[in-house]
Amino acid sequence: MALISLRQLLDHAAEHGYGVPAFNVNNLEQMRAIMEAAKETDSPVIVQASAGARKYAGAPFLRHLILAAIEEFPEIPVVMHQDHGTSPAVCQRSIQLGFSSVMMDGSLREDGKTPASYEYNVDVTQRAVDMAHACGVSVEGELGCLGSLETGMAGEEDGVGAEGKLSHDQLLTDPEEAADFVQKTKVDALAIACGTSHGAYKFTRPPTGDILAIDRIKEIHARIPGTHLVMHGSSSVPQEWLAVINEFGGEIPETYGVPVEQICEGIKHGVRKVNIDTDLRLASTGATRRFLAENPSEFDPRKFYKAAMQAMKEICVARYEAFGTAGQASKIRPLSLDAMSERYAAGDLEPQIK
Ligand SMILES: O=C(CO)COP(=O)(O)O
Ligand SMILES: O=C[C@H](O)COP(=O)(O)O
Ligand SMILES: [Zn+2]
Ligand SMILES: [Zn+2]
């Protein structure tokens, strides 16, 4: 059984200079697409469950879906991560459910919408870290709010995200504050804000440096080179899938995502975890629409689920290959969460901040 902690995987990724896509899971088809792609490319896996996923599938189903993947693919190390926890209590519940990693998103208050003060963020994150590390579980924190540098608007269509207009300062993580935050909280990974946002509507044009601030990632990495950085809202919004969706009855207006090359640039500068949800949603919707349009008499859902799975799998394979994740699974010797808790207790995993 290869359930591993996020910390172990990202330490390996940093040592070998690669990044790992973290895909959101809600159902069997996504889970299977991710695992089959991982098996085909020998990639370690991060799967993450959002509050929306728990509401949709129910926590026990999600948990067993991930455990089933670990059982069926014992050769693939899998991180079971809770995405965007809004309080230490939410993280505690996930730890109890067996997650090997949690995100304490203290950049927002408990409603998941109101930007929080720095002091609030430090406090809730410290509390989540204390609890998690005692169990060998990793913690991802977040500093800065996701939102558009084009409009100043926070991404609202998704389940998690600030509401309304944000200042330029809130939309870009400050390197000095990031150093202080990591030092104080001891998070294992830090999600940063650099102009990306959740969902399909990230940019109205192919992004340039003024609206997708990869330079800011470089500045943060230069200040805290020992910290694993996380990019949220990192779907690339493939134009070919938008075209398929619209060809077969969809209505998605012109929109652009984060180019894979820009993510790879981030990976050269400390980005180790890359959150992707929307791309799998677009691929499965496109494949389903196309299948049903081309096979109007078909009524066995397994037929269009299969088409959707294949489309998602192709995206996963492409990201594993582009981020350098491919070929790494077999190099990892999984450490138990017990062993990780001993490493924290021994002080072996303290933040390295100059
Ligand atoms: O950040 C994400 C999940 O936490 C997903 O981002 P996308 O909406 O760009 O796929
Ligand atoms: O964090 C954002 C992910 O895309 C999850 O979205 P969700 O809350 O709709 O499941
Ligand atoms: Zn956030
Ligand atoms: Zn996110």
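Please refer to the structure higher up on the page.
Residues numbered from 1 in each chain as written. Chains lettered and ligands numbered in written order. Predicted model: local features only at pLDDT ≥ 70, side-chain atom pairs only at ≥ 80, totals over all residues. Heavy atoms only, no water.

Trainee: Explain the packing of aromatic side chains to me, and be specific about the residues and the numbers.
Mentor: Within the structure shown, the criterion is met by three aromatic pairs. Measuring from centroid to centroid gives 5.8 Å for phenylalanine 23 and tyrosine 320, while their planes differ by 90°, and the two rings are edge-to-face. In this pair, phenylalanine 23 is assigned in strand β2 (residues 20-24) and tyrosine 320 in helix α13 (residues 301-322), connecting sequence segments 297 residues apart. Each of the two residues, phenylalanine 23 as well as tyrosine 320, counts as buried. Ring geometry for phenylalanine 304 versus tyrosine 305: centroids 5.1 Å apart, planes at 70°, classification edge-to-face. Judged by its relative accessible area of 18%, phenylalanine 304 is buried. The exposure class of tyrosine 305 is partly exposed, given its relative accessible area of 37%. (Phe/Tyr/Trp six-rings, centres within 6.5 Å; stacked < 30°, edge-to-face > 60°. Helix = DSSP H or I, 4+ residues; strand = E, 2+ residues; numbered from the N terminus. Buried < 20%, exposed > 50% of the residue type's maximum accessible area, 1.4 Å probe, protein only.)

Trainee: Mind laying out the pairing of strand β9 (residues 271-276), listing which residues take part and the relevant values?
Mentor: Counting buried residues in β9 gives six out of six residues, a clear majority hidden from the surface. Pairing of β2 with β9 involves four bridges; the strand directions are parallel. Looking at the pairing, proline 21 lines up with valine 274 of β9. Summarising the sheet, strand β8 (residues 228-231) and β9 pair through three bridges and their orientation is parallel. Along β9, the bridge assignment pairs leucine 229 with valine 271. (Pairing = 2+ DSSP bridges.)

Trainee: Could you give me a rundown of the coordination of the zinc ion (ligand 3), with the residues and numbers involved?
Mentor: The coordination sphere of the zinc ion (ligand 3), as far as protein atoms go, consists of Asp105 (OD) and Glu142 (OE), spread over 2.0 to 2.2 Å. Pair noted here: aspartate 105 is in the loop between β5 (101-104) and α6 (118-134) and glutamate 142 is in strand β6 (residues 138-143), with a separation of 37 residues, a long-range link. Side by side, aspartate 105 and glutamate 142 carry an identical accessibility label, which is buried. (Donors = N, O, S within 2.8 Å, 3.2 Å for Na, K, Ca; no water.)

Trainee: I'd love a proper account of the site of ligand 1, names of residues and values included.
Mentor: Close contacts around ligand 1 come from 15 residues, with Asp83, Lys202, Ser235, Asp277 and Thr278 the closest. Within the side chain of histidine 84, an N or O atom sits 3.3 Å from an oxygen atom of ligand 1. Serine 235 places a polar side-chain atom, nitrogen or oxygen, 2.6 Å from an oxygen atom of ligand 1. When isolated, ligand 1 has an accessible area of 310 Å², and the protein chains bury 97% of it. Among the elements of the structure, β4 (78-85) and β9 are those that each provide at least two residues to the shell around ligand 1. Tallied by class, residues from the shell around ligand 1 come to one nonpolar, eleven polar and three charged. (Near = heavy atom within 4 Å. Polar contact = N/O pair within 3.5 Å; in protein donor to acceptor, adjacent residues only side chain to side chain. Areas by Shrake-Rupley, 256 points an atom, 1.4 Å probe, with all protein chains shown as cover. Nonpolar A, V, L, I, M, F, W, Y, C, P; charged D, E, K, R; others polar.)

Trainee: Mind laying out the coordination of the zinc ion (ligand 4), listing which residues take part and the relevant values?
Mentor: By definition of the ideal shapes, four donors in a tetrahedron about a metal sit 109.5 degrees apart, and six donors in an octahedron sit 90 or 180 degrees apart. At this site the zinc ion (ligand 4) is bound by His84 (NE2), His198 (NE2) and His232 (ND1), with donor distances of 2.0 to 2.1 Å. Going along the chain, you hit the donors of the zinc ion (ligand 4) in the pattern H-x113-H-x33-H. Highlighted residues: histidine 198 in the loop between β7 (189-192) and α9 (214-223) and histidine 232 in the loop between β8 and α10 (239-247), separated in sequence by 34 residues. With respect to class, histidine 198 is no different from histidine 232; both count as buried.

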